[in-house]
Amino acid sequence: MNKYLVLLCLLFNAIILPAQSPLVLLQDKLTGLSPNEENLSPAQVKSINEFWRIFKEIRDKEMSLDRLKGNAQFGFLGNSSEGDEILRINGGISLQKGSYPQDFEFSTMLNILIDNGELQENLSNLRISYDRFFNTKNGFNMEGYSFINRRSDAYLGLNQRYEIGAGIIFAHWKKKLFPASQAMYDSYCEEKISFHSMDNQVVVCDVKNCVPIEARGITPSDFDVLNQAQKRISNTIIKDHTPLRVGFMIGAFYEIESSSHSDSLMTAEGMRFFSHDFTTVNKFRWEFRPTFDLRFSEGVRLKIRPFFKLPMPWEWETNVDGKKEIDARLDFPISLTFALSDKFSMSINYVLYYDNAPPSLLLEEKDVNGNPLYLTANKEHHYYAFQVNYAFR
């Protein structure tokens, strides 16, 4: 038992604690690059001081990209009258590690109703995802993703649904940023600031002013990590602050679903209550998603990302209310976010959950006209939320 605990601790530390940055190793190698050395010209002293100022900014920014980041939101609504008490709670948390070219994200959303002491989980969603950009010409055209998702929805009779899958995203990112983001980009990008080295010399260069300085033991390849860090930071700024992202996602996933439904239906003998636990089903599906992210300003962002989830060709239709229906679903989230400060933001969220072929059961009873009677789960669920979010980094 102890050895498994030790292994778990080591794994936890490997994930949470950052490894020593290559920039820190380069910094150690450049300890001799000091403005206090003798026989330096005023221009060289100025360049060395400027080099270390910019180097430390890049080092700190690059290391911050791997820190655990996230945001949390919470809200509730209560009603009480003559012994009746209803409390509705909604909230969620999102954690993210990494940025460009890869990131790992964990998110959860919860909507709970407490009706006179009875707990009802109306909607919950838990998602773990991993995304990575492929090494294309501009670094943004193609992105791979994988995910695990668990969801329940009392309104659609969904006890729990698990999805695991992967796919590819093709996207166009607008790289002309708003002024504040553009200034941040310019302070790190290679077009504005460039560092390189020759054998035993460091060329300190802010594009407009390059000064060679002797530094023993330095080779041209030593500065690759600095240039790579600049590129990573620049791409991260574009990724996080682009005014427009338009894309298309396509992938496949495997799902396991457990559902139930209850309802009062009019039969030939009168109104009756029915309840049924449907058989657990598992199948492969494929999905596609148009992506539209728009920033109206630095602090106002709109996201529209409809997920179309379709059956495989050999399972295209299923029986619903005695008819053949396409076994397709739609998850259509829309989010409008207003930044209030670096930490706080306000968001308006809407999600349409639509199931074109919900679980359906033919009952033994007939309706008032003697026709077959079916117990069928709901097709639609509209979710609205107004939230205040707190971000931590």
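For the structure, check the block above.
Residues numbered from 1 in each chain as written. Predicted model: local features only at pLDDT ≥ 70, side-chain atom pairs only at ≥ 80, totals over all residues. Heavy atoms only, no water.

## Considering the environment of Leu 362
Right, so step 1: If you trace the backbone, Leu 362 turns up in strand β19 (residues 360-366).
Right, so step 2: Along the chain, Leu 362 and Leu 375 lie 13 residues apart, while their C-alpha atoms are 6.6 Å from each other.
Right, so step 3: The contact partners of Leu 362, leaving out residues within four places of it in the chain, are Pro 372, Leu 373 and Tyr 374. (Helix = DSSP H or I, 4+ residues; strand = E, 2+ residues; numbered from the N terminus. Contact = heavy atoms within 4.5 Å.)

## Focus on the pairing of strand β5 (residues 142-153)
Right, so step 1: Looking at chain direction, β5 and strand β6 (residues 158-173) are connected through 11 bridges and run antiparallel. Paired with Glu 143 across the strands is Ile 169, a residue of β6. (Pairing = 2+ DSSP bridges.)

## Description of a nonpolar patch on the surface
Right, so step 1: On the surface, Phe 134, Ile 168, Phe 170, Phe 248 and Ile 250 cluster together to form a nonpolar patch covering roughly 400 Å² of accessible area.
Right, so step 2: Every element with two or more residues in the nonpolar patch is listed here: β6 and β10 (244-267). (Patch = residues over 30% accessible without salt bridge, like charges linked within 9 Å, V, L, I, M, F, W, Y side chains within 5 Å. Areas by Shrake-Rupley, 256 points an atom, 1.4 Å probe, with all protein chains shown as cover. Salt bridge = Lys/Arg side-chain N within 4 Å of Asp/Glu carboxyl O.)

## So, the packing of aromatic side chains
Right, so step 1: Per the stated rule, a full pass over the model turns up 14 aromatic pairs.
Right, so step 2: Chaining the aromatic ring pairs together yields one cluster made of Tyr 100, Phe 133, Phe 140 and Trp 173. (Phe/Tyr/Trp six-rings, centres within 6.5 Å; stacked < 30°, edge-to-face > 60°.)

## Quick word on the packing of helix α3 (residues 42-64) against helix α5 (residues 224-241)
Right, so step 1: Direction vectors running N to C along α3 and α5 enclose 60 degrees, while the axes themselves pass 10 Å from each other. When the axis of α3 is compared with that of α5, the two are oblique. By crossing handedness, the relation of α3 to α5 is classed as left-handed. Note on element contacts: α5 touches α3 through Leu 226, Ala 229, Gln 230, Arg 232 and Ile 233, opposite Phe 51, Phe 55, Ile 58, Lys 61 and Glu 62.
Right, so step 2: The class makeup of the residues in the contact of α3 with α5 is 6 nonpolar, 1 polar and 3 charged. (Axes fitted to C-alpha atoms, helices over the stretch in contact; angles between N-to-C directions. Parallel < 35°, antiparallel > 145°, perpendicular 65-115°, else oblique. Left-handed = near helix turned anticlockwise from the far one by under 90°. Nonpolar A, V, L, I, M, F, W, Y, C, P; charged D, E, K, R; others polar.)

## Structural notes on the side chain of Arg 305
Right, so step 1: Here Arg 305 shows up in the loop between β13 (300-304) and β14 (307-311).
Right, so step 2: Among the residues examined, Arg 305 registers a relative accessible area of 19% and is labelled buried.
Right, so step 3: In this structure the side chain of Arg 305 is engaged in a polar contact, spanning 2.4 Å, whose partner is the side chain of Asp 293.
Right, so step 4: When near neighbours in sequence (up to four residues on either side) are disregarded, Arg 305 contacts Arg 245, Arg 289, Pro 290, Thr 291, Asp 293, Asp 331 and Pro 333. (Buried < 20%, exposed > 50% of the residue type's maximum accessible area, 1.4 Å probe, protein only. Polar contact = N/O pair within 3.5 Å; in protein donor to acceptor, adjacent residues only side chain to side chain.)

## Some details on the pattern of salt bridges
Right, so step 1: Counted under the stated rule, the structure contains 20 salt bridges.
Right, so step 2: Arg 245 is the salt-bridge partner of Glu 143, the closest N and O atoms lying 3.5 Å from each other. With Glu 143 in strand β5 and Arg 245 in strand β10, this pair connects stretches of sequence that are 102 residues apart.
Right, so step 3: Overlapping salt bridges bring together Arg 161, Glu 163, Glu 255, Glu 257, Lys 283, Arg 285, Lys 309, Asp 327, Arg 329 and Asp 331 as one network.

## What to know about the environment of Thr 236
Right, so step 1: Along the chain, the position of Thr 236 falls in helix α5.
Right, so step 2: Between the C-alpha atoms of Thr 236 and Leu 65, which are 171 residues apart in sequence, the distance is 8.4 Å.

## Quick word on the nonpolar core
Among soluble globular proteins, nonpolar side chains are generally buried collectively.
Right, so step 1: Formed by 33 residues in total, the largest nonpolar core has its most connected members in Leu 30, Phe 51, Trp 52, Phe 55, Ile 58, Phe 223 and Leu 226.
Right, so step 2: Residue assignment for this core shows that the elements contributing at least two residues are α2 (22-29), α3, β5, β6, α5 and β10.
Right, so step 3: Considering each element in turn, this core owes the most residues, 6 residues, to α3.
Right, so step 4: Counting residues in each nonpolar core, the second largest holds 6 residues, with Leu 123, Leu 156, Tyr 383 and Ala 385 among its members. (Core = buried A, V, L, I, M, F, W, Y, C linked by side-chain atoms within 4.5 Å.)

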